[in-house]
Amino acid sequence: VENDRFKAFEKIMTYEVGTRVEVKGRISVGNPYLGKNGVIEPVSINMFSLSATGVGDEDYAEGKVSGYIKSIKNETKGEDEDETGRLLVDFWLYNDYNDVKEISPFTLVVEEDVAEDFENTYSDGDNAVFDFDIVSKQVGGKKSKSAFGKKESKIVGGFSVTEYSIFSGEYPMDDESEYYIDEDDFKKLFKAHKQKCEEAKNASTSKDDTPKKGLGSARKSKVEVEEDDDENPFDD
């Protein structure tokens, strides 16, 4: 019996280096575990399809997510906590799988140029659907002056972070929406989530890192949400 999925992987192995492809995946937040700086809940993208057909020349990384807005705050930096003009959205994904209900944190940012419109549209406690860019950002990394040497070092300090920057959103959901979660239910699930994090703090390792699935207008999104019901998720 031919294995279509295996044949698809064989096709991918024939792609030359530099072949432009389109990858579709699912944003997932993993179970909390104890890291060096406290409890970590890793965000990952799990691929479910890859194609080299009809791929454009423009690179982009976008997502769509639905969930609950716990709070909207001004971003600050430095010891003086100066406001940057951006907003930080304490956003939570809602999962209801096999009658097990859970929430997972997924922090979003709103850039300064759309911050006012965002605050005029959304409030704490709203359920919403957002389109976002996936952005890699360098934090810190100032070069120090050398006392001696024959060439300049290419190593830069600091670190890189991945941000999820909202560029578009639908109007807040009403309570008739399939993905709506009301405030009382959210509070109960938030309490359960805090307990889960406390258990992770008290554990030296976490054996269960199974990701939890969860995915949801200034600019039109290029992302099309599709059901993953194809036996062969790859094409050429």
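Residues numbered from 1 in each chain as written. Predicted model: local features only at pLDDT ≥ 70, side-chain atom pairs only at ≥ 80, totals over all residues. Heavy atoms only, no water.

(A) Quick look at the nonpolar core. Core analysis: the biggest nonpolar cluster contains 20 residues, and Phe 106, Leu 108, Phe 118 and Phe 130 have the highest contact counts within it. At the level of secondary structure, the elements contributing two or more residues to this core comprise strand E1 (22–29), strand E5 (62–77), strand E6 (82–97), strand E8 (108–110), helix H2 (112–121), strand E9 (127–139) and strand E10 (159–169). The dominant element in this core, judged by the number of residues it contributes, is E6, at four residues. Counting residues in each nonpolar core, the second largest holds six residues, with Tyr 68, Trp 92, Ile 103 and Phe 186 among its members. (Core = buried A, V, L, I, M, F, W, Y, C linked by side-chain atoms within 4.5 Å. Buried < 20%, exposed > 50% of the residue type's maximum accessible area, 1.4 Å probe, protein only. Helix = DSSP H or I, 4+ residues; strand = E, 2+ residues; numbered from the N terminus.)

(B) Seen up close, the side chain of Asn 127. On the secondary structure map, Asn 127 appears in strand E9. Judged by relative accessible area, which is 1%, Asn 127 ranks as buried. The residues touching Asn 127, leaving out its near neighbours within four places in the chain, are Gly 67, Tyr 68, Pro 172, Met 173, Tyr 179, Tyr 180 and Ile 181. (Contact = heavy atoms within 4.5 Å.)

(C) Highlighting a negative patch on the surface. On the surface, a cluster of negative charge is contributed by Asp 174, Asp 175, Glu 176, Asp 182, Asp 184 and Asp 185. Its location among the elements puts Asp 182 in the loop between E10 and helix H3 (183–201). (Patch = residues over 30% accessible without salt bridge, like charges linked within 9 Å, V, L, I, M, F, W, Y side chains within 5 Å. Areas by Shrake-Rupley, 256 points an atom, 1.4 Å probe, with all protein chains shown as cover. Salt bridge = Lys/Arg side-chain N within 4 Å of Asp/Glu carboxyl O. Lys, Arg positive; Asp, Glu negative; His and termini not counted. Charge placed at Lys NZ, Arg CZ, Asp CG, Glu CD.)

(D) Summary view of the pattern of salt bridges. In this structure the tally under the stated criterion is nine salt bridges. Between Arg 86 and Glu 111 there is a salt bridge; the shortest N-O distance is 3.1 Å. Of the two residues, Arg 86 sits in strand E6 while Glu 111 sits in the loop between E8 and H2, which places them 25 residues apart along the sequence. The class for Glu 111 is partly exposed, based on a relative accessible area of 27%. Close ionic contact of Glu 163 with Lys 137 constitutes a salt bridge, the shortest N to O distance being 3.8 Å. Placement of Glu 163 in strand E10 and of Lys 137 in strand E9 is noted, with a sequence separation of 26 residues between them. When its relative accessible area of 13% is taken as the criterion, Glu 163 is described as buried.

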